[in-house]
2 protein chains.
Amino acid sequence: MSLIVQKFGGTSVGDIARIEQVADKVARFRADGHDIVVVVSAMSGETNRLIALAQDIQERPDPREMDVLVSTGEQVTTALLSMALIKRGVKARSYNGSQVKILTDNAHTKARIREIDDANMRRDLAQGSVVVVAGFQGVDENGNITTLGRGGSDTTAVALAAALKADECQIYTDVDGVYTTDPRVVDGARRLEKITFEEMLEMASMGSKVLQIRAVEFAGKYNVPLRVLHSFEEGPGTLITMEDDGVMEMPTIAGIAFNRDEAKLTIAGVPDTPGVAYKILGPVGEANIEVDVIVQNVSHDNTADFTFTVSRSDLPRAEEVLRSVCEKLGAREVTSNNKIAKVSVVGVGMRSHAGVASQMFAALGEENINILMITTSEIKISVIIEERFLELAVRTLHSSFGLEKDPSKEGSA
Amino acid sequence: MSLIVQKFGGTSVGDIARIEQVADKVARFRADGHDIVVVVSAMSGETNRLIALAQDIQERPDPREMDVLVSTGEQVTTALLSMALIKRGVKARSYNGSQVKILTDNAHTKARIREIDDANMRRDLAQGSVVVVAGFQGVDENGNITTLGRGGSDTTAVALAAALKADECQIYTDVDGVYTTDPRVVDGARRLEKITFEEMLEMASMGSKVLQIRAVEFAGKYNVPLRVLHSFEEGPGTLITMEDDGVMEMPTIAGIAFNRDEAKLTIAGVPDTPGVAYKILGPVGEANIEVDVIVQNVSHDNTADFTFTVSRSDLPRAEEVLRSVCEKLGAREVTSNNKIAKVSVVGVGMRSHAGVASQMFAALGEENINILMITTSEIKISVIIEERFLELAVRTLHSSFGLEKDPSKEGSA
């Protein structure tokens with residue numbers, strides 16, 4: 001018998017028929033003897049409906065009241081799911097964020113969880129009840145309703161699992177797990193049985209929208225085993241967990257991630273003096289523009305070329321900021337390109353395997369794909385390439401690193 | 001400067017345009033220097049939408065979860081109205097029942113208020129904020145969300161006014177006050193400037209749907225001056241208050257109330273022995289059927305005829321119960337009639353004025369309206385008549401008691 005936290009998103013509880021399906025699933029787990037805490041989002045469309053009401057009043061409504069408003073969406077789902085469970089003879093009780101209680105800071109619409117009181121949940125679990133908790137919301141120390149920001153229900157689930165020391169936190173979604181790469185791009189893309197938190201973070205930050213980055217960070221920090229599963233199809237999903245040195249060697253590469261939402265800016269002919277990177281990126285940061293890959297080349301005439309990437313939607317503003325920086329520093333020119341994309345190979349195994357980078361560059365070179373920028377981390381190598389080569393690059397790398405084969409099965413063959 | 005509690009029902013906050021109108025009204029009161037607590041219902045249609053969701057799951061959903069579900073309706077309105085006030089530069093803060101907090105018993109879906117904590121509201125009022133409270137809901141001593149039952153928002157408003165010792169509790173509705181009788185039946189029906197709690201109770205219990213009976217009782221018990229006003233038209237409305245002996249004599253009759261939802265049952269030939277009334281009405285009460293007017297006649301052969309009225313929807317069940325009672329008691333027969341109605345003259349003045357009853361019976365007699373049953377209280381005389389005479393009876397009595405004339409203006413003329 002395990003203690004399992006299960007999270008169902010808006011689509012999984014989008015109408016009464018789906019809520020009934022979720023209740024069937026939860027009831028089965030309960031019948032198997034598990035203790036269950038369910039975290040639910042608002043029914044799909046509901047949060048948007050509430051936001052639209054508020055914006056009929058004002059474009060930027062009061063944040064405290066915004067939280068009071070949108071938090072009702074999840075509360076509705078908790079009540080409906082509890083009713084559906086009770087109808088099946090399963091004891092169930094709903095909780096909103098303040099009833100749990102999930103204590104947060106007072107940063108309305110983007111609050112952070114500080115502490116979770118597990119007393120009420122433990123009492124109900126001990127009495128055989130399924131505990132149904134409203135995701136995405138909490139309460140500050142003055143009793144004001146707060147929300148964690150969109151997608152915050154994943155974070156709620158992980159935080160509850162951490163507080164309860166749950167055996168597993170299951171995130172039910174519309175995909176059946178985490179894949180070696182996007183199956184829409186590579187036919188041979190394969191569901192991973194297992195992936196580490198770090199790999200998942202790198203995959204998630206690259207646009208793999210299966211899980212909220214924040215929830216993965218949280219799970220990694222508190223070592224909560226996280227499993228991604230399909231809401232309405234059976235299957236083991238993908239387990240996201242700590243690196244597991246003992247049992248078997250992790251495969252070198254877990255997957256190929258990519259992101260089209262990239263644009264690059266170059267400021268050329270910058271006087272190569274200490275502190276110049278800050279003089280360039282400082283104003284960009286102040287304009288609330290997030291910078292991704294950064295590369296600096298020293299050229300022969302004691303000036304540097306400085307290149308970085310931003311989201312495409314930030315490009316016009318970033319260019320504006322950079323032109324004013326260019327003038328101030330007496331640099332030569334600002335150029336930009338939004339027809340680029342980023343491709344990454346991700347895997348904790350590359351820590352101990354030399355040659356991943358060279359294999360990557362060789363594979364891309366064979367296909368005549370020009371690399372515009374390179375950036376590396378401990379478990380990831382990313383390259384910026386022209387967007388038109390993106391699909392080709394992903395397929396090439398997926399095949400080059402043998403990702404269509406299941407390494408665990410290979411070993412046992 | 002006064003402290004005023006204002007309550008707006010579902011129609012008054014039915015869409016964003018109306019919420020904006022309510023915000024205008026509240027802002028004007030605030031600009032006049034009043035401290036304002038606003039109680040709101042769910043936007044019209046919202047409670048029904050939520051109930052329909054629940055009933056898609058189960059006809060009688062779990063009561064605790066039902067309260068969790070429907071209480072979100074009022075919470076949404078509090079947030080939207082607070083936003084609209086803040087947009088107008090008026091400080092405002094929303095509160096749900098648990099945040100106030102409004103402590104109730106744990107009778108889910110029909111809870112009773114036990115205690116109201118006024119600390120948070122007083123702090124906000126002192127800081128110049130309008131306090132916007134979700135009507136209809138509270139919290140039990142274990143932190144479970146409760147609701148007061150439909151129409152409970154009036155009760156919330158009166159309870160808050162009592163707790164805060166407010167100068168006035170204003171109930172905004174779709175009528176501009178309490179009338180001497182239904183204006184749809186009598187052209188000359190006149191808005192009352194003032195009516196006593198007791199008179200209002202008698203009028204309300206007779207189907208005058210302006211106010212919840214429970215709210216009037218509450219207001220009377222705690223002597224909260226209650227005013228009924230139109231949400232979107234200007235005017236003084238009707239003040240419901242304590243009997244005011246000192247200032248001026250109350251008019252004899254305040255109004256003519258009536259109710260079509262009446263059916264009568266007669267059990268004839270009941271052996272006239274002590275305790276027989278209980279033997280008849282006991283089983284009816286146990287079947288959860290409410291009985292209104294009761295009349296017992298002794299006939300010449302030492303048996304009695306026992307007649308009482310119930311709501312029309314309860315008639316079939318009541319008949320069934322009564323037939324079994326008839327058999328047990330060896331009574332002669334059970335007959336019923338659902339083409340009847342009740343007409344009442346109501347007024348605290350009749351306490352000290354003899355002859356109201358005879359004037360009433362004389363007026364009805366002149367029009368050849370046969371009286372089927374009579375029942376009286378300190379401030380009310382009711383007769384049961386055939387339904388087809390109802391309009392004629394109401395018009396006749398309205399004119400006979402001179403209600404189309406304003407007694408206060410008459411005095412000053």
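Residues numbered from 1 in each chain as written. Chains lettered and ligands numbered in written order. Predicted model: local features only at pLDDT ≥ 70, side-chain atom pairs only at ≥ 80, totals over all residues.

**Student:** Go over the overall build of chain A with me, naming the residues and quoting the values.
**Tutor:** Summing up its helical and strand segments, chain A has 13 helices and 18 strands in all. Here chain A has a C-alpha radius of gyration of 24 Å; the compact-globule value for 413 residues is 22 Å, and the two agree. Its C-alpha atoms give chain A principal-axis dimensions of roughly 75 × 65 × 35 Å. When burial is assessed residue by residue, chain A has 47% of its 413 residues classed as buried. (Helix = DSSP H or I, 4+ residues; strand = E, 2+ residues; numbered from the N terminus. Rg over C-alpha atoms; globule rule 2.2 N^0.38 Å. Buried ≥ 20, exposed ≤ 12 C-beta atoms within 10 Å, placed from the backbone.)

**Student:** Describe the relation of the copies chain B and chain A, with residues and values.
**Tutor:** Screw-axis analysis of chain B against chain A gives a translation of 0.1 Å along the axis, an RMSD of 0.2 Å, and a rotation angle of 179°. A rotation of that kind, with that shift, is consistent with a two-fold axis. The position closest to the rotation axis in chain B is occupied by the C-alpha of Thr-72 of chain B, lying 2.8 Å away. Mapped onto chain A, 100% of the interface residues of chain B are again interface residues, and the two copies thus contact each other with one and the same surface. (Least-squares fit on C-alpha atoms with pLDDT ≥ 70 in both. Contact = placed C-beta atoms within 7 Å.)

**Student:** An account of the domain arrangement of chain A is needed here, citing residue identities and associated values.
**Tutor:** The domains assigned to chain A are domain 1 (3–173) and domain 2 (256–400). The straight-line distance from the C-alpha centre of domain 1 of chain A to that of domain 2 of chain A is 39 Å. (Domains from an automatic or database assignment.)

**Student:** Give me the lowdown on the confidence of the model for chain A, citing residues and values where you can.
**Tutor:** Model confidence for chain A is summarised by a mean pLDDT of 90, while 94% of its residues fall at 70 or above. Interface confidence for the predicted complex, given as ipTM, is 0.81, next to a pTM of 0.83. (pLDDT = per-residue confidence, 0-100.)

**Student:** Tell me about the interface of chain B and chain A, and please be specific about residues and values.
**Tutor:** On the side of chain A, 27 residues touch chain B, which itself brings 27 residues to the contact. Put simply, the parts of the chain that give the side of chain B that touches chain A at least two residues each are helix H2 (46–57), helix H3 (63–87) and helix H4 (97–100) of chain B. For the side of chain B that touches chain A, the element with the most residues is H3 of chain B, which contributes 14 residues. Classifying every residue of the side of chain B that touches chain A gives 14 nonpolar, nine polar and four charged. (Nonpolar A, V, L, I, M, F, W, Y, C, P; charged D, E, K, R; others polar.)

**Student:** Could you give an account of the sheet that holds strand S2 (residues 35–40) of chain A, naming the residues involved and the relevant values?
**Tutor:** Residue and element names in this part refer to chain A. In space, the eight strands of this open sheet follow the order S3-S6-S2-S1-S9-S11-S12-S10, with mixed pairing throughout. What marks the edges here is a single partner per strand, and that holds for strand S3 (92–95) and strand S10 (194–196). Taking each pair of neighbouring strands and ignoring which way they run, the sheet shows an average axis angle of 20°. Judged from the four bridges that link them, S3 and strand S6 (residues 130–134) form a sheet pairing that is parallel. Counted as the bridge partner of Tyr-95 is Val-133 from S6. Helix-sheet contacts for helix H5 (residues 119–126) involve S2, S3 and S6, and the interaxial angle to S6 is about 150°. (Pairing = 2+ DSSP bridges. Axes fitted to C-alpha atoms, helices over the stretch in contact; angles between N-to-C directions.)

**Student:** Kindly report on the sheet that holds strand S6 (residues 130–134) of chain B, identifying the contributing residues and their values.
**Tutor:** All names here are of chain B. Taking strand neighbours across the sheet as the criterion, the eight strands line up as S3-S6-S2-S1-S9-S11-S12-S10 in an open arrangement whose pairing is mixed. Sheet topology places strand S3 (92–95) and strand S10 (194–196) at the edges, where each strand pairs with a single neighbour. For this sheet, the mean angle separating the axes of adjacent strands, direction not counted, is 20°. Where strand S1 (residues 3–8) lies against strand S2 (residues 35–40), six bridges are found, and the strand directions are parallel. Pairing of Leu-3 across the sheet is with Asp-35, part of S2. Across the sheet, helix H1 (residues 16–31) is in contact with S1, S2 and S6; its angle to S2 comes to roughly 160°.

**Student:** If you had to explain helix H2 (residues 46–57) of chain A to someone new, which residues and values would you point to?
**Tutor:** An ideal rise of 1.5 Å per residue puts 16 Å on twelve residues; H2 of chain A measures up with 18 Å between its terminal C-alpha atoms. Every buried residue of H2 of chain A is listed here: Thr-47, Leu-50, Leu-53, Ala-54 and Ile-57 of chain A. In an axial view of H2 of chain A, the angular spread of the buried residues amounts to 125°, which keeps them on one side of the axis. On the buried face of H2 of chain A, the contacting elements are helix H3 (63–87) of chain A together with H1 and H3 of chain B. (Expected span 1.5 Å × (residues − 1). Arc of directions from axis to C-beta.)

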